[in-house]
Amino acid sequence: MLSERRLEVLRAIVQDYVGTEEPVGSKALTERHRLGVSPATVRNDMAVLEEEGYIAQPHTSAGRIPTDKGYRLFVDKLAGVKPLSSPERRAIQNFLVGAVDLDDVVGRTVRLLAQLTRQVAVVQYPSLTRSTVRHVELLSLAPARLMLVLITDTGRVEQRMVDCPAPIGETAVADLRARLNSRVAGRRFADVPPLVQDLPDSFDAEDRGTVSMVLATLLETLVEETEERLMIGGTANLTRFGHDFPLTIRPVLEALEEQVVLLKLLGEATDSAMTVRIGHENAHEGLNSTSVVAVGYGSGEEAVAKLGVVGPTRMDYPGTMGAVRAVARYVGQILAES
């Protein structure tokens, strides 16, 4: 266990290195921070921190920089989440509130996160499998052709065509729409099948085939393994940190192009807790020089998807964690109200 003073020295090293981009020496630390001890004592503390793997000496520099292990301890023990200022919170709300649909919400969220954190922003679309039905719309396109529109609690809209075995009148369509919504509105996708299985029996014989066809289409839509979608933005921000990537930025850019890699990075969407993965904690080799800050968002208590940022390990963790958490909260509110 490190003493309180050595933890303070580590905190000061991380803060100075993130702020100045320069390796940190004992003299600078004692001048910038009220550590209450001499430079010689700080040098001794730094030697212990280096021995334990929390800081390292890059090339021939006299200063030290944090290692992945040092950043990890900083995030777990020393860094609070920096709250956003009132103007920042107002700006987030005003920017997101103008969104017209789910694509717009996700697009605005990506731009906002990238601007706030000056990192790469990644936002996962809400998953259908974790959604509830808000409304099912049925529209008559021709005597024997309907359009089924499924609207979820997260604002996602799925449309399907239904070719009916026989013509169906407007009255029957309206009746089916009303009965269907009375059973499924507000229900989790997984709960829907048993709620509608006896619905065809309550209709006249000539309409039962069409009702069964509509239900089959609805259930297919509910259980479809729809591809998880992501939106990414702010990749150009990485070019500002060229010297933070040991050899080249290319492996990072290549990793960011792989959707599967990004989904794994964000983690399980149902886990709404904030996760911070630092450097070599990221399984993908191309991302060993980056850190990922991610959190779940949703329209209620449960998270339906994740959002987060990717940047160099030399990151303002308190500020980034605060921005990511605040944006997730506002996106959740907008989905709940939409």
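Cut-off values and rules
- Residues numbered from 1 in each chain as written.
- Predicted model: local features only at pLDDT ≥ 70, side-chain atom pairs only at ≥ 80, totals over all residues.
- Heavy atoms only, no water.
- UniProt positions renumbered as here; feature names shortened; annotations may be inferred.
- Salt bridge = Lys/Arg side-chain N within 4 Å of Asp/Glu carboxyl O.
- Pairing = 2+ DSSP bridges.
- Helix = DSSP H or I, 4+ residues; strand = E, 2+ residues; numbered from the N terminus.
- Axes fitted to C-alpha atoms, helices over the stretch in contact; angles between N-to-C directions.
- Contact = heavy atoms within 4.5 Å.
- Parallel < 35°, antiparallel > 145°, perpendicular 65-115°, else oblique.
- Left-handed = near helix turned anticlockwise from the far one by under 90°.
- Nonpolar A, V, L, I, M, F, W, Y, C, P; charged D, E, K, R; others polar.
- Patch = residues over 30% accessible without salt bridge, like charges linked within 9 Å, V, L, I, M, F, W, Y side chains within 5 Å.
- Areas by Shrake-Rupley, 256 points an atom, 1.4 Å probe, with all protein chains shown as cover.
- Lys, Arg positive; Asp, Glu negative; His and termini not counted.
- Charge placed at Lys NZ, Arg CZ, Asp CG, Glu CD.
- Buried < 20%, exposed > 50% of the residue type's maximum accessible area, 1.4 Å probe, protein only.

- The protein has the name Heat-inducible transcription repressor HrcA in an unreviewed UniProt entry, where Streptomyces pyxinae is given as its organism.
- UniProt annotates the protein under Function (unreviewed entry) with the comment "Negative regulator of class I heat shock genes (grpE-dnaK-dnaJ and groELS operons). Prevents heat-shock induction of these operons."
- Per UniProt, the protein has the following entry under Sequence similarities (unreviewed entry): "Belongs to the HrcA family."

1. What about the pattern of salt bridges?
Point 1. For the coordinates displayed, the defined rule picks out 16 salt bridges.
Point 2. Each of the salt bridges in this network shares a partner with another, and the network as a whole consists of Arg5, Arg6 and Asp45.

2. Details of the sheet that holds strand 4 (residues 133–142)
Point 1. What the 3 strands build is an open sheet, ordered 4-5-6; its pairing is antiparallel. The open sheet has two edge strands with one neighbour each: strand 4 and strand 6 (157–163). Strand-to-strand twist across the sheet, computed as the mean angle between neighbouring axes with direction ignored, equals 20°.
Point 2. Pairing geometry for strand 5 (residues 145–152) and strand 6, over 7 bridges, is antiparallel. Counterpart to isoleucine 151 in the pairing with strand 6 is valine 157.
Point 3. The strands touched by helix 7 (residues 170–184) are strand 4 and strand 5; relative to strand 4, the strand with the most contacts, the crossing angle is about 165°.

3. A closer look at the UniProt feature "domain: HTH deoR-type" (unreviewed entry) in the protein
Point 1. The UniProt record marks residues 34–62 with the feature "domain: HTH deoR-type" (unreviewed entry), using the residue numbering of this structure.
Point 2. Spanning residues 34–62, this segment combines 45% helix with 7% strand, and its end C-alpha atoms are found 21 Å apart.

4. Examining the packing of helix 4 (residues 68–78) against helix 12 (residues 317–337)
Point 1. Contact geometry of helix 4 with helix 12 gives a least axis separation of 11 Å together with a crossing angle of 55°. With respect to their mutual orientation, helix 4 and helix 12 come out oblique. The chirality of how helix 4 crosses helix 12 is right-handed. For the pair helix 4 and helix 12, the contacting residues are Tyr71, Phe74 and Val75 in the first and Tyr317, Pro318 and Met321 in the second.
Point 2. Taken together, the residues of the contact of helix 4 with helix 12 break down into 6 nonpolar, no polar and no charged.

5. Digging into a positive patch on the surface
Point 1. A cluster of basic residues, Arg89, Arg90, Arg325 and Arg329, forms a positive patch at the surface.
Point 2. Those elements that place two or more of their residues in the positive patch are helix 5 (86–97) and helix 12.
Point 3. Relative to the elements of secondary structure, arginine 329 occurs in helix 12.

6. Focus on the environment of glutamate 50
Point 1. Note that glutamate 50 resides in helix 3 (residues 39–51).
Point 2. What makes glutamate 50 partly exposed here is its relative accessible area of 28%.
Point 3. Separated by 16 residues in the primary sequence, glutamate 50 and proline 66 place their C-alpha atoms 9.0 Å from one another.
Point 4. Excluding residues within four positions of it along the chain, glutamate 50 makes contact with Ile55, Ala56, Gln57 and Arg64.

7. Describing the sheet that holds strand 8 (residues 275–278)
Backbone hydrogen bonds hold the strands of a sheet together, and the pairing may be parallel or antiparallel.
Point 1. What the 5 strands build is an open sheet, ordered 7-3-10-9-8; its pairing is antiparallel. A single partner strand is all that each edge strand has here, and the edge strands are strand 7 (230–233) and strand 8. Taking the axes of each pair of neighbouring strands and ignoring which way they run, one obtains an average angle of 15° across the sheet.
Point 2. Relative to strand 10 (residues 305–312), strand 3 (residues 120–124) is paired through 4 bridges, and the arrangement is antiparallel. The residue of strand 10 that forms the bridge with valine 120 is valine 310.
Point 3. Here helix 11 (residues 259–266) sits on the sheet and contacts strand 3, strand 7, strand 8, strand 9 (290–297) and strand 10; the angle it forms with strand 7, its principal contact strand, is near 90°.

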